[in-house]
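Here is how the chains run, residue by residue.
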Amino acid sequence: MSDDRLDAIRDVIRDVPDFPKPGIMFKDITPLLADPRAFNLCLDLMAERYDAVPFDAIVGIESRGFIFGAALASRMRKAFVPARKPGKLPAQTYQVEYELEYGTDAVEMHKDAITQGERALIVDDLIATGGTAWATGELIRRLGGEVIGAAFVVELSFLKGRERLAPMDTFSLVDY
Ligand code: AMP
């Protein structure tokens, strides 16, 4: 993968210190979305990575995973399925909880969002501890689907999310 393309992506990810709380360095991808070349580079690189892999659906995690996931699904002609925060999806859902540093959070998917044997790719903007993507993988499996991997624009490797997801295949474009 050429470094020029990754540099062009890295250049438009903005660091916002102390958001949403003190001590957190928020990786803001809105400048990347506003840069058509960088946004398309992300989609190009993800599409290249999964081009030869047979799969059926992209599961995008609320909310920034919807942006990358839906665009990639459209480009790759795959189904798009949202994984959402609790209480947002209107029909019958399954829920999986995951541990945060303090307390728990959860993600939900519609019970009929994935059919038995369907192969799904998880997409989000960023992997930190990996808890959100792990819970999404559990949901997909509960629905009878198979997870072929998880793809992110940004990886905060010092938080070891990749280890939390193992043996799931994890792919990211830029890491910090
Ligand atoms: P985690 O479950 O710890 O891997 O957290 C991943 C989710 O939280 C993703 O949906 C990210 O968008 C969001 N997130 C966590 N940490 C950050 C950060 N430093 N900057 C931007 N988004 C973050």
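Residues numbered from 1 in each chain as written. Predicted model: local features only at pLDDT ≥ 70, side-chain atom pairs only at ≥ 80, totals over all residues. Heavy atoms only, no water.

Trainee: What should I look at first to understand the packing of helix H1 (residues 3-10) against helix H3 (residues 36-50) in this one?
Mentor: How two helices pack is summed up by the angle between their axes together with the distance between the axes. Where H1 contacts H3, the axes come no closer than 9 Å and their chain directions differ by 130 degrees. As summarised for this structure, H1 and H3 are arranged oblique, according to the angle between their axes. Helix-helix and strand crossings are classified by hand; for H1 and H3 the assignment is left-handed. Contacts from Arg5, Leu6, Ala8 and Ile9 in H1 reach Arg37, Ala38, Leu41, Cys42, Leu45 and Glu48 in H3. (Axes fitted to C-alpha atoms, helices over the stretch in contact; angles between N-to-C directions. Helix = DSSP H or I, 4+ residues; strand = E, 2+ residues; numbered from the N terminus. Parallel < 35°, antiparallel > 145°, perpendicular 65-115°, else oblique. Left-handed = near helix turned anticlockwise from the far one by under 90°. Contact = heavy atoms within 4.5 Å.)

Trainee: Got a minute to help me understand unusual backbone geometry in this structure?
Mentor: Phi is mostly negative for residues that are not glycine, and the peptide bonds are mostly trans. A cis amide bond links Glu62 with the next residue in sequence, Ser63, at an omega value of -10 degrees. Along the chain, Ser63 turns up in the loop between strand E3 (57-61) and helix H4 (64-76). Of note, the amide linkage connecting Ala166 to Pro167 takes the cis form, showing an omega dihedral of 10 degrees. You can see Pro167 is positioned in the loop between helix H6 (161-165) and strand E9 (170-175).

Trainee: What should I look at first to understand the sheet that holds strand E7 (residues 119-127) in this one?
Mentor: For sheets, the rule is that strands pair by backbone hydrogen bonds, running either parallel or antiparallel. Pairing is parallel across the open sheet formed by 5 strands, whose spatial order is E4-E3-E7-E8-E9. Strands at the two margins of the open sheet, each flanked by one partner only, are strand E4 (79-83) and E9. The average angle at which neighbouring strand axes cross in this sheet is 20 degrees, direction not considered. Each of E3, E4, E7 and strand E8 (146-155) is contacted by H4, which is oriented at about 135 degrees to E7, the strand it contacts most. (Pairing = 2+ DSSP bridges.)

Trainee: Before we go on, may I ask you to explain the pattern of salt bridges in this structure?
Mentor: Side-chain pairs of opposite charge can arise where the charged atoms are in close proximity. Under the counting rule described, the total for this entry stands at 10 salt bridges. We note a salt bridge from Asp28 to Arg14, for which the minimum N-O separation is 2.7 Å. On the criterion of sequence distance, the pair formed by Asp28 in strand E2 (residues 25-28) and Arg14 in strand E1 (residues 14-17) is long-range, its members being 14 residues apart. Arg84 is the partner of Glu62 in a salt bridge, and the nearest nitrogen-oxygen pair spans 3.0 Å. Of this pair, Glu62 sits in the loop between E3 and H4 while Arg84 sits in the loop between E4 and strand E5 (93-99); the two residues are 22 residues apart in sequence, bridging distant segments of the chain. (Salt bridge = Lys/Arg side-chain N within 4 Å of Asp/Glu carboxyl O.)

Trainee: Which parts of the structure should I look at to understand the confidence of the model for the protein?
Mentor: Interpretation of this model should avoid reading the predicted coordinates in detail wherever pLDDT is low. The pLDDT averaged across the protein works out to 97; a share of 99% of its residues lies at or above 70. Of all helices and strands in the protein, the one with the weakest mean pLDDT is H1 (94), whereas E3 scores best (99). (pLDDT = per-residue confidence, 0-100.)

Trainee: What am I meant to see in the site of the ligand here?
Mentor: Of all residues adjacent to the ligand, which total 14 residues, the nearest are Arg64, Asp125, Thr129, Gly130 and Thr132. Within the backbone of Gly130, a nitrogen or oxygen atom sits 2.7 Å from an oxygen atom of the ligand. Relative to its unbound accessible surface of 480 Å², the ligand loses 82% to contact with the protein. With respect to the pocket detection grid, the ligand is positioned in the largest pocket. Put simply, the parts of the chain that give the shell around the ligand at least two residues each are E2, E7 and helix H5 (131-142). A per-element tally of the shell around the ligand places E7 first, with 4 residues. Of the residues in the shell around the ligand, the class split is 6 nonpolar, 4 polar and 4 charged. (Near = heavy atom within 4 Å. Polar contact = N/O pair within 3.5 Å; in protein donor to acceptor, adjacent residues only side chain to side chain. Areas by Shrake-Rupley, 256 points an atom, 1.4 Å probe, with all protein chains shown as cover. 1 Å grid on protein atoms, 1.4 Å probe; cavity = no way out; pocket = protein on both sides within 12 Å on 5 of 7 lines; lining within 4 Å. Sits in = over half its atoms within 2 Å of the grid points. Nonpolar A, V, L, I, M, F, W, Y, C, P; charged D, E, K, R; others polar.)

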